[in-house]
Amino acid sequence: MGLGRFLARRIATFIPTIIGVIFLTYLIAYAIPANPVRAWVGGEKMVDPKLIERIRHEYKFDAPWYEQFTFLFTQLISGQLRDPVRGKLVIVSLGERFPITVELALFGMMFLLIISIPLGIAAALKKDTPIDFAVRFLALFGSSMPSFVLYYLLILAFFTVLGITYLAGIPEPSRPCRLFVSNLPNVVPVVGYLGSYIGKIPMFGAMMCGEWSVVHETFKRMWLPGLALGLLSGGFVARILRNSLLDALGSEYVLFARARGLSKFRVWKHALKNAMIPVVTVLGLQFGGFLAGAIIAETVFGIPGMGRYVYDAISRLNFPAIIGGTFLFAIVYVTVNLIVDILYAVIDPRVRY
Amino acid sequence: MAEVIYRGFCIIIDTIAKLMDKIRPGWSDRNSSRISEWKLMAYAYSRSAIGIVGGVLVSIFVIIGIIGPYIAFERYNEFPASVNPDLYFLRPCIPPWCDPWSENLPLLGTDNWGRDILSLVLHGARISLVISLIVVALGVPLGIILGLLAGYFGGAVDEVMMRITDVFIAFPALILAIAFATVLPSRFREVLYTNVFTREFFLSLFALSKEEIPQLASLLAVIFALVLVWWPGYARIIRGSVLSVKEQAFVEAARSLGLSTWRVLFRHILPNVLSPVIVMVTFDLGTATLLAAALSFLGIGPQDPVPELGFLVSKGREYFPDKWWIVMFPGIALFIIALGWNLLGDSLRDVLDPKTRRSLEFKVKGKKQRKFKSVKRK
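Residues numbered from 1 in each chain as written. Chains lettered and ligands numbered in written order. Predicted model: local features only at pLDDT ≥ 70, side-chain atom pairs only at ≥ 80, totals over all residues.

Chemist: Describe in detail the overall build of chain A, supporting the description with residues and values.
Modeler: Each helix and strand counted, chain A has 16 helices and zero strands in total. Split into buried and exposed, the 353 residues of chain A put 39% on the buried side. Restricting the contact set of chain A to residue pairs at least 6 apart, pairs at least 24 apart contribute 73%. (Helix = DSSP H or I, 4+ residues; strand = E, 2+ residues; numbered from the N terminus. Buried ≥ 20, exposed ≤ 12 C-beta atoms within 10 Å, placed from the backbone. Contact = placed C-beta atoms within 7 Å.)

Chemist: Explain the overall build of chain B to me, and be specific about the residues and the numbers.
Modeler: Helices and strands together make up the secondary structure of chain B, namely 18 helices and zero strands. Per-residue burial for chain B yields a buried fraction of 44% across its 378 residues. Contacts spanning at least 24 positions in sequence make up 73% of the contacts within chain B whose residues lie at least 6 apart.

Chemist: Could you give me a rundown of unusual backbone geometry, with the residues and numbers involved?
Modeler: Positive phi, close to 60 degrees, is recorded for A:Asp128, a residue that is not glycine. Tracing the sequence through the fold places A:Asp128 in the loop between α5 (90-125) and α6 (130-144). Under the C-beta neighbour-count criterion, A:Asp128 is labelled exposed, with 8 such atoms within 10 Å. For B:Ala207, which is not a glycine, the phi torsion comes out positive at approximately 55 degrees. Inspection of the secondary structure assignment puts B:Ala207 in the loop between α11 (196-206) and α12 (213-245).

Chemist: I'd like a description of the confidence of the model for chain B, backed by residues and values.
Modeler: All names here are of chain B. Averaged over all residues, the pLDDT of chain B is 83; the fraction at 70 or higher stands at 88%. Confidence over residues 374-378 falls short of pLDDT 50; this stretch has eight contacts with residues more than four positions distant or in other chains. ipTM for the predicted complex: 0.84, alongside a pTM of 0.86. (pLDDT = per-residue confidence, 0-100.)

Chemist: Summarise the interface of chain A and chain B; cite the residues concerned and give the values.
Modeler: If you look at the interface, chain A gives 38 residues, while chain B gives 37 residues. Put simply, the parts of the chain that give the side of chain A that touches chain B at least two residues each are α1 (3-31), α6, α7 (147-161), α14 (264-301), α15 (306-315) and α16 (319-347) of chain A.

Chemist: I'd like a description of helix α13 (residues 252-259) of chain A, backed by residues and values.
Modeler: Residues lying three or four places apart along an α-helix face the same way, a consequence of the helix completing one turn every 3.6 residues. Burial within α13(A) is sparse, with just zero of its eight residues counted as buried. After α13(A) finishes, the residue A:Gly261 shows a positive phi value of roughly 85 degrees.

Chemist: Provide a residue-level description of helix α15 (residues 275-297) of chain B, including the pertinent values.
Modeler: Under the 1.5 Å per step criterion, the end-to-end length of α15(B) is 33 Å for 23 residues, consistent within 8% with the ideal 33 Å. Most pronounced at B:Asp284, the bend in α15(B) amounts to some 25 degrees. (Expected span 1.5 Å × (residues − 1). Bend = angle between axes of the 7 residues up to and from the residue.)

Chemist: Account for the packing of α5(A) against α6(A), with residues named and values stated.
Modeler: Residue and element names in this part refer to chain A. As a packed pair, α5 and α6 sit with axes 8 Å apart at the nearest point and diverge in direction by 135 degrees. One element, α5, and the other, α6, form an angle in the oblique class. As α5 packs across α6, the resulting crossing turns out to be left-handed. Residue-level inspection shows Leu119, Ala122 and Ala123 of α5 in contact with α6, the latter providing Ile131, Asp132 and Val135. Within the contact of α5 with α6, the residues separate by chemical class into five nonpolar, no polar and one charged. (Axes fitted to C-alpha atoms, helices over the stretch in contact; angles between N-to-C directions. Parallel < 35°, antiparallel > 145°, perpendicular 65-115°, else oblique. Left-handed = near helix turned anticlockwise from the far one by under 90°. Nonpolar A, V, L, I, M, F, W, Y, C, P; charged D, E, K, R; others polar.)

Chemist: Go over the environment of B:Leu228 with me, naming the residues and quoting the values.
Modeler: Residues and elements named next belong to chain B. One can find leucine 228 in helix α12. Taking the C-beta count within 10 Å as the criterion, leucine 228 has 23 such neighbours and is therefore assigned buried. Considering only alpha carbons, one finds leucine 228 and valine 313, 85 residues apart in sequence, at a separation of 25 Å.

Chemist: Residues and numbers for the nonpolar core, please.
Modeler: Residues and elements named next belong to chain B. Formed by 183 residues in total, the largest nonpolar core has its most connected members in Ala177, Phe180, Val222, Ala225 and Leu226. The element contributing the most residues to this core is α12, with 19 residues. Among all residues touching leucine 226, those that are not within four sequence positions of it are Val135, Ala177, Ala288, Leu291 and Ala292. (Core = buried A, V, L, I, M, F, W, Y, C linked by C-beta atoms within 7 Å.)

Chemist: Run through the environment of B:Leu208, naming residues and quoting values.
Modeler: Residue and element names in this part refer to chain B. Summarising the element assignment, leucine 208 is placed in the loop between α11 and α12. Classification of leucine 208 by C-beta neighbours within 10 Å gives buried; the count is 24. Once you skip the residues sitting within four places of it in the chain, leucine 208 turns out to touch Leu203, Leu216 and Val306.

Chemist: Requested: an account of the environment of A:Met306, with residues and values cited.
Modeler: All names here are of chain A. The residue methionine 306 is located in helix α15 in this model. Judged by C-beta crowding, with 28 C-beta atoms within 10 Å, methionine 306 ranks as buried. Considered as a pair, methionine 306 and threonine 101 are 205 residues apart in the sequence and their alpha carbons are 6.0 Å apart. If we ignore the near neighbours within four places in the chain, the residues touching methionine 306 are Leu94, Arg97, Phe98, Thr101, Ala294 and Gly325.

Structure, rendered in structure tokens:
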């Protein structure tokens, strides 16, 4: 199957998935709760019946199911779902917070790479030595440790005892800088749009204006959450790199390269290139996982991102916000997976399914 | 040590063989190769250190899960601080600073209501055990059956089922579980208030008292949400292996003998796709425990005073980091539980994989000429 057909098929399955996601969201919002409106306005407490009537009408609870579904569908697609607690559109609040979550995930990714790539290579080079054993232990540790407990341990060590980080707020670029970034599309035609989107992530925005103190502050604030995310999955990724590197080193082309008398370094370069293919996929999936797992990290580290928004919505039983957040999480996750799949097909010509 | 464990397993296997012989005479003769394979597995397991550590941790956890609520010094719903005004100013405390004259010294400290953390953790182990067991016992068979059907029948059935699976996989597991677990309790509460038998059954399963019916509904919601999150992974894996197994000759033979579809599916295909599932289940028992704890940490599961381990951690947040023990001890308990399952799964992967097992057999046979057959032929 050619790359074009693969892409066409992969994107064709993307659309029914999105419709299915919306249907599942509909079930969660309308069909499953015993008395949705009561739940929406705050559980079992006494509420003015008039208010309940109004909400019933506004969110189409008195309509048949297909009308409810189309209502939710159009609201989610056009981003008109309104958060009754804040009175803002859910999409607006999520849009403000999404860049911060991306920033957190990027920091997690950075630490994941720092931890896993050298460890994986070292473990493959020195098979069955203490380094290999340590990598195995780290993988086991990461999959057994409840994430929130690890976060508290790190806070205890680095914030309480050593005091080399802080845990409040997110450093943001100054107001003129933010205006400059949002004005970019008017200055530069095409690249500007991209730039303004990337610039919404606080650190990159600050970089664009050259506010290096903000970048420095961001590093000081975000390195601990990033390290926590990286520690949790670092061992796992290192294990995968180790195994695929050992596979590659045992293959025939490496033997052939050795027989041709290539230097050790050149042989390694060949093997590493091929061994990285499965690792790239795993790293992509991990990035999606970081975005989704951010809900716990953001709660513990006090980062005002998308996960924190959903967490607040849960504690206030703010259903439209929960539904909007769930939907956006799913869209982001599906899109990341789609990109990973396409990347995988592009970098490895052997994979076309 | 390893030899003792191996002997123990051999005795168990021989007993099973003898029992089967009594039920169906000649069973052990017909299955002698299977018995020797089991013994080889027992041998491989007894020689893996991580497997033994994992097995010990898991057995301790299971035993505590069963008897924990009864050996706990205090019930979870007794609040010493509200009864004894002297304690009020000491809560939360840890031994050197706790009331040194109290009858039962709280070894791991107390929480904000003066409850003994050790007792809470003992009870929490039961809750975690029940949650993980139910989630796996419901989610895995569901996934296996759907995967079998999709893989075996193919065509439209396959396409529809895989699209549904895609939708469930499209959500990050934690987020989907959160969404379900927030909306489900109201339904479960209705059921629990009307259905006496269900209520009593689950209350005794979690060792909770009658006042906790709303919390029980949230617990059931967490379980149900996790089941809904759990099945798609298994459906996908089973479907994949069924696709390759169903083309093999023995399936063709079974079909040409005129066996019914169900018999072919469950007697001939299922046993051949099951071995990766056993390993996955072991890992997932740990993962389910952690995910359930994460949900209650976020405040979706049971609320006060139910001592779910994740919820205990989230309550300790207010007092962290000065009163670190409220967060740390339940957290360490969770870590040990998950570590036990993961270690066990890690060694089972080697033990159940015929390739590594064979290599071990050759290694052993070269050295000692050990015989794995000990059931005598009549």
